[in-house]
Amino acid sequence: MTRKATQKRSLILQGAVNVFVRKGYNAATMQDIVEECGISRGGLYLYFDSTEAIFLALLTENSQSMEQEFEQMMSEGLSFKDMMEHFFNEQKTELLQADNSMMTATYEFFLAHKNDQDRSFLQQQFELSVSSLTKALEYGVTRNEVHINNIEQVVRHIILTIEGIRIYALSVGISQHMLDEQIEMLKSLLFIPSLDLE
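Residues numbered from 1 in each chain as written. Predicted model: local features only at pLDDT ≥ 70, side-chain atom pairs only at ≥ 80, totals over all residues. Heavy atoms only, no water.

Before going further, it helps to spend a moment on the overall build of the protein. On a plain count of helices and strands, the protein comes out with nine helices and zero strands. When burial is assessed residue by residue, the protein has 41% of its 198 residues classed as buried. Of all intrachain contacts in the protein linking residues separated by at least 6 positions in sequence, the fraction that spans at least 24 positions is 72%. Just so you have it, the protein exposes about 10900 Å², and 50% of that area is on carbon and sulfur atoms. Seen as two clouds, the 16 positive and the 28 negative side-chain charges of the protein have centres 7 Å apart. (Helix = DSSP H or I, 4+ residues; strand = E, 2+ residues; numbered from the N terminus. Buried < 20%, exposed > 50% of the residue type's maximum accessible area, 1.4 Å probe, protein only. Contact = heavy atoms within 4.5 Å. Areas by Shrake-Rupley, 256 points an atom, 1.4 Å probe, with all protein chains shown as cover. Lys, Arg positive; Asp, Glu negative; His and termini not counted. Charge placed at Lys NZ, Arg CZ, Asp CG, Glu CD.)

The interhelical angle for the contact between helix α5 (residues 80-96) and helix α8 (residues 151-171), taken along N-to-C directions, is 20 degrees, at an axis separation of 10 Å. For the element pair α5 / α8, the angle class is roughly parallel. The hand of the α5/α8 crossing is right-handed. On α8, the residues that touch Phe-87, Phe-88, Gln-91, Glu-94 and Leu-95 of α5 are Ile-158, Ile-162, Ile-165, Arg-166 and Ala-169. Looking at the contact of α5 with α8 residue by residue, the classes come out as seven nonpolar, one polar and two charged. (Axes fitted to C-alpha atoms, helices over the stretch in contact; angles between N-to-C directions. Parallel < 35°, antiparallel > 145°, perpendicular 65-115°, else oblique. Left-handed = near helix turned anticlockwise from the far one by under 90°. Nonpolar A, V, L, I, M, F, W, Y, C, P; charged D, E, K, R; others polar.)

Here we take up the pattern of salt bridges. Taken as a whole and judged by the stated rule, the model has 13 salt bridges. The closest approach of N and O atoms between Lys-187 and Glu-85, which form a salt bridge, is 3.0 Å. Of this pair, Lys-187 sits in helix α9 (residues 176-188) while Glu-85 sits in helix α5, placing them 102 residues apart in sequence. Residues Arg-166 and Glu-163 are paired through a salt bridge, measuring 3.0 Å at the closest nitrogen-oxygen approach. In this pair, Arg-166 and Glu-163 are both assigned in helix α8, three residues apart and thus about one turn of the helix distant. It is possible to trace a salt-bridge network through shared partners that takes in Lys-81, Glu-85, Glu-184 and Lys-187. (Salt bridge = Lys/Arg side-chain N within 4 Å of Asp/Glu carboxyl O.)

What follows concerns the packing of α5 against α9. Viewed as axis vectors pointing N to C, α5 and α9 meet at an angle of 150 degrees, and their least axial separation amounts to 11 Å. Accordingly, the angle class assigned to the pair α5 and α9 is roughly antiparallel. Between α5 and α9 lies a crossing whose hand is right-handed. Contacts between α5 and α9 involve Glu-85, Phe-88, Lys-92, Leu-95 and Leu-96 from the first element and Gln-176, Leu-179, Asp-180, Ile-183, Leu-186 and Lys-187 from the second.

Below, the discussion takes up the confidence of the model for the protein. Mean pLDDT over the protein: 91, with 96% of residues reaching 70 or higher. Mean pLDDT per element in the protein: helix α6 (residues 103-112) is the minimum at 88, and helix α2 (residues 30-37) is the maximum at 97. Within the model, the stretch residues 193-198 combines pLDDT values under 50 with 13 contacts to residues more than four positions away or in other chains. (pLDDT = per-residue confidence, 0-100.)

Scanning the entire structure with this criterion turns up nine aromatic pairs. Judged by centre distance (5.8 Å) and plane angle (35 degrees), the rings of Phe-70 and Phe-87 are tilted. Of this pair, Phe-70 sits in helix α4 (residues 51-75) while Phe-87 sits in helix α5, and the two are 17 residues apart along the sequence. Accessibility classification places Phe-70 together with Phe-87 in one group, the buried group. Connected via pairs of aromatic rings, a cluster forms that spans Phe-20, Tyr-25, Phe-55 and Phe-109. (Phe/Tyr/Trp six-rings, centres within 6.5 Å; stacked < 30°, edge-to-face > 60°.)

What follows covers a nonpolar patch on the surface. On the surface, Tyr-168, Val-172 and Met-178 cluster together to form a nonpolar patch covering roughly 270 Å² of accessible area. Of note, Val-172 is situated in the loop between α8 and α9. (Patch = residues over 30% accessible without salt bridge, like charges linked within 9 Å, V, L, I, M, F, W, Y side chains within 5 Å.)

Spanning 21 residues, α8 covers 31 Å between terminal C-alpha atoms, matching the ideal 30 Å at 1.5 Å per step. All buried positions along α8 are accounted for by Ile-151, Val-154, Val-155, Ile-158, Ile-159, Ile-162, Ile-165, Arg-166 and Ala-169. The buried side chains of α8 occupy one side of the element, clustering within an arc of 130 degrees when seen end-on. Opposite the packed face of α8, turned more than 90 degrees from it, sit the exposed residues Leu-160 and Ser-171. Where α8 is buried, its residues contact α5, α6, α7 (116-142) and α9. Phi turns positive one or two residues past the end of α8, at Gly-173, with a value near 90 degrees. (Expected span 1.5 Å × (residues − 1). Arc of directions from axis to C-beta.)

What follows is the structure, encoded as structure tokens:
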């Protein structure tokens, strides 16, 4: 893909984010994205043939972004504590802005896609998140900053807990105080002398 094409694709995806945040997944149309991006319908279809294809691309980019962020921080030699503070702060920011994020659209997408192929894709996205966070924890263990015996189990617990908080935040809203409490509990899984969940 040429540089110009890459830029055009990025423009479409950013415009699509704005549409999905504003309208959700179910109500969003290709025409909405055309109007948001200020491009022709043909120009949009050169890159994506449906709102589903666009949303899948956004989910994939989101998962890859998390992995790339961790890799960048590790390559810079950032401390494990600072790296995880960054991760949890990003989660808190997103959760406190649940009504102005892709969360509603994401759950609408999940509920509308239940065939084996879609479930396989979503499972792959989950496993990619597990893999990215696992590498981060292994980094902390290698540097002797933390001591965790069952890293993958801790990682899955963190990811699933955050997912549960997302649902709560969307359905009834969450206060800063409650969110801080929950995030501190997740941090406590990492920053204690020894943890063995086997």
